[in-house]
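Each chain, written out:
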Amino acid sequence: MQDALPTTWFDGLSPQGLAVSVTLAQGQLLVQGDGLERTYALPSVRWPEKSRHGPRLCDLPDGSSLQHANAAQWDEWFERQGFRPSWVVATTLSWRAVMASVLGIAVIAAAAWRWGIPAASEWVAPQIPLPLQQRIGSQALEQIQGLWLKPTAIGSDEQARLRDRFGQMTQAAQTPEQRLHLQPPVPWRLHFYKAPALGANAFALPGGDVVLTDGMVELLRDQPDALMGVLAHELGHVEHHHGMQMVVKTSLLSALVGAVIGDAGSFLTAIPMLLATQGYSRDAEREADEAAALFLHRNHIHPRVMAVLFERLRKQAKDKSKDSGTSVQDVLPIGLASHPSDAQRIAFFTNWQP
Ligand SMILES: [Zn+2]
């Protein structure tokens, strides 16, 4: 015996309703009236929300609808059919469900932040075309230049010597894949700047802009191998796309916040500043140190030559904080003088084995 409900059907065009009877059978809604017989799959039907008052309005996928003035009668009929249209309808009346949804969104957002976004950034960063990476890098360099960099006092002869030696060493340190042109070489452009605020420092930006401060050149003038190690560390950041990962991660976070809160803001203009104010993670620093060690090793230099850099940086930081009370480490977090601790890094380079 079929449980039919007499009700009114509107075709979605004319304001004139048609008397029909509706039944549910075999996963379908059957609408029958004078000269009309239509069936709809149940999931395609938008059932009326069970609010307390008002007529029941049921949207059908072809643009037509059912309208039933007697809400109690519709609800009784509907309940007799013994199924729930979907959890959404059932939960809209409950504030507990609303709270649960809000909590659910927060949990998903937190999970995305904790696991999804870092993983996605690691995957996305290397896919970004080099010209775009270089544009982002050079914009960031401009920003940093305006804040902290002045023309270098290092003579052009010395600059050329350092550039040549680093170029030869990157050739020697190429992987077999790079030598066979199966993999592109890591791009780099070496810049020299005087930067009193940054002290002895070096940093790298997406796309391969690497900056050495005059302070760093002076600090390691008698330790040319260690200076090459510093450059190799920076090249390691480029090779592993650490700067780009930071940009992508913050972009995705900003998109996520935008999706939840509804305003992503003018994020793109903030990218250069982001690179100047955020630091690489501890893991990124370790990866760059590993790259530096391998680079030196492939050039037949033991990575322990790097120990002197951290000893001198530590001494310099001590002297400097005695003078001014501030630390150069706070100025540019992507710079060299940052975590992990000097002692850990000295141990890493001293005990490094291929
Ligand atoms: Zn670094």
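Labelled according to an unreviewed UniProt entry, the protein chain appears under the name M48 family metallopeptidase, originating from Limnohabitans radicicola.

Undergrad: Which residues make up the side chain of His 68, and what values go with them?
TA: Along the chain, the position of His 68 falls in strand β6 (residues 65-68). Judged by relative accessible area, His 68 falls into the buried class, the value being 6%. Within the structure, the side chain of His 68 is placed 2.8 Å from the side chain of Thr 7, a separation counted as a polar contact. At 2.9 Å, the side chain of His 68 and the side chain of Gln 73 are in polar contact. Contact partners of His 68, with chain neighbours within four places excluded, come to Leu 5, Pro 6, Thr 7, Pro 55, Arg 56, Gln 73 and Trp 74.

Undergrad: Account for the coordination of the zinc ion, with residues named and values stated.
TA: Coordination of the zinc ion by the protein comes from His 233 (NE2), His 237 (NE2) and Glu 285 (OE), over a distance range of 2.0 to 2.1 Å. The sequence pattern formed by the donor residues of the zinc ion is H-x3-H-x47-E. Of this pair, His 237 sits in helix α8 (residues 224-239) while Glu 285 is found in helix α11 (residues 282-298), placing the two residues 48 residues apart along the sequence. With relative accessibility at 2%, the residue His 237 sits in the buried group. You can call Glu 285 buried: its relative accessible area is 0%.

Undergrad: Account for the sheet that holds strand β9 (residues 202-204), with residues named and values stated.
TA: Taken in spatial order, the four strands make up an open sheet running β7-β8-β10-β9, and their pairing is mixed. Because the sheet does not close on itself, it has two edges, and the strands there are β7 (150-151) and β9. As defined by bridge partners, strand β8 (residues 189-194) adjoins strand β10 (residues 209-213) across five bridges and the pair is classed as parallel. Pairing of Leu 190 across the sheet is with Val 210, part of β10.

Undergrad: So what's going on with the nonpolar core? Residues and values would help.
TA: Core analysis: the largest hydrophobic core is formed by 40 residues, its most contacted members being Leu 212, Met 216, Leu 220, Val 230, Phe 295, Met 306 and Leu 309. In terms of nonpolar packing, the next biggest core, distinct from the first, is built from 26 residues, Ala 140, Met 246, Tyr 280 and Ile 334 among them.

Undergrad: Describe in detail the confidence of the model for the protein chain, supporting the description with residues and values.
TA: Model confidence for the protein chain is summarised by a mean pLDDT of 84, while 87% of its residues fall at 70 or above. Within the protein chain, no element has a lower average pLDDT than helix α2 (residues 87-91), which sits at 48, and none a higher one than β8, at 97.

Undergrad: Describe the packing of aromatic side chains, naming the residues involved and giving the relevant values.
TA: Evaluated as defined, the whole model comprises seven aromatic pairs. Ring plane angle 80° and centroid distance 5.0 Å describe the contact between Phe 348 and Phe 349, whose orientation is recorded as edge-to-face. Owing to a relative accessible area of 27%, Phe 348 belongs among the partly exposed residues under this scheme. With a relative accessible area of 1%, Phe 349 lands in the buried category.

Undergrad: Residues and numbers for the sheet that holds β6, please.
TA: If you trace the six strands from one edge of the open sheet to the other, you get β4-β3-β2-β1-β6-β5, paired in antiparallel fashion. Sheet topology places β4 (36-41) and β5 (56-59) at the edges, where each strand pairs with a single neighbour. Taken pair by pair, the neighbouring strands of this sheet meet at an average axis angle of 30°, ignoring direction. Here six bridges tie strand β2 (residues 18-25) to strand β3 (residues 28-33), and the two strands are oriented antiparallel to one another. Bridged to Val 20 within β3 is Gly 33. Across the face of the sheet, helix α1 (residues 71-80) comes into contact with β1 (5-10), β2, β3, β5 and β6 while running at roughly 55° to β5.

Undergrad: An account of α1 is requested, with residue identities and associated values reported.
TA: All of the buried residues along α1 are Ala 71, Trp 74, Asp 75, Trp 77 and Phe 78. Viewed end-on, α1 has its buried residues packed into an arc of 165°, placing them on one side of the element. α1 presents Glu 76, Glu 79 and Arg 80 as exposed residues on the side facing more than 90 degrees away from its buried surface. Where α1 is buried, its residues contact β1, β2, β3, β5 and β6. Downstream of α1 by a residue or two, Gly 82 has a phi angle that is positive, lying close to 70°.

Undergrad: Describe empty space enclosed by the protein, with residues and values.
TA: Per the stated rule, a full pass over the model turns up one cavity of 30 Å³ or more. Of the voids in this model, the largest cavity is the one considered here, and its volume is about 40 Å³. Around the largest cavity, the lining residues are Gln 133, Leu 205, Pro 206, Gly 207, His 237, Val 238, His 241, His 242, Gly 243, Met 244 and Tyr 280. Mapped onto the lining of the largest cavity, the elements with two or more residues apiece are α8 and α9 (242-261). Counting residues per element, the lining of the largest cavity draws most heavily on α9, which supplies three residues.

Undergrad: An account of the packing of helix α5 (residues 156-172) against α11 is needed here, citing residue identities and associated values.
TA: Helix-helix packing is described using two parameters, namely the angle between the two axes and the distance between the axes. The contact between α5 and α11 brings their axes to 8 Å, and the two run at 90°. Relative to α11, the element α5 is oriented roughly perpendicular. Here Phe 166, Met 169, Thr 170 and Ala 172 of α5 lie close against α11, whose contacting residues are Phe 295, Leu 296 and Arg 298. Residue classes in the contact of α5 with α11 are distributed as five nonpolar, one polar and one charged.

Rules used throughout
- Residues numbered from 1 in each chain as written.
- Predicted model: local features only at pLDDT ≥ 70, side-chain atom pairs only at ≥ 80, totals over all residues.
- Heavy atoms only, no water.
- Helix = DSSP H or I, 4+ residues; strand = E, 2+ residues; numbered from the N terminus.
- Buried < 20%, exposed > 50% of the residue type's maximum accessible area, 1.4 Å probe, protein only.
- Polar contact = N/O pair within 3.5 Å; in protein donor to acceptor, adjacent residues only side chain to side chain.
- Contact = heavy atoms within 4.5 Å.
- Donors = N, O, S within 2.8 Å, 3.2 Å for Na, K, Ca; no water.
- Pairing = 2+ DSSP bridges.
- Core = buried A, V, L, I, M, F, W, Y, C linked by side-chain atoms within 4.5 Å.
- pLDDT = per-residue confidence, 0-100.
- Phe/Tyr/Trp six-rings, centres within 6.5 Å; stacked < 30°, edge-to-face > 60°.
- Axes fitted to C-alpha atoms, helices over the stretch in contact; angles between N-to-C directions.
- Arc of directions from axis to C-beta.
- 1 Å grid on protein atoms, 1.4 Å probe; cavity = no way out; pocket = protein on both sides within 12 Å on 5 of 7 lines; lining within 4 Å.
- Points joined across faces, edges and corners; volume = space filled by probe spheres on them.
- Parallel < 35°, antiparallel > 145°, perpendicular 65-115°, else oblique.
- Nonpolar A, V, L, I, M, F, W, Y, C, P; charged D, E, K, R; others polar.

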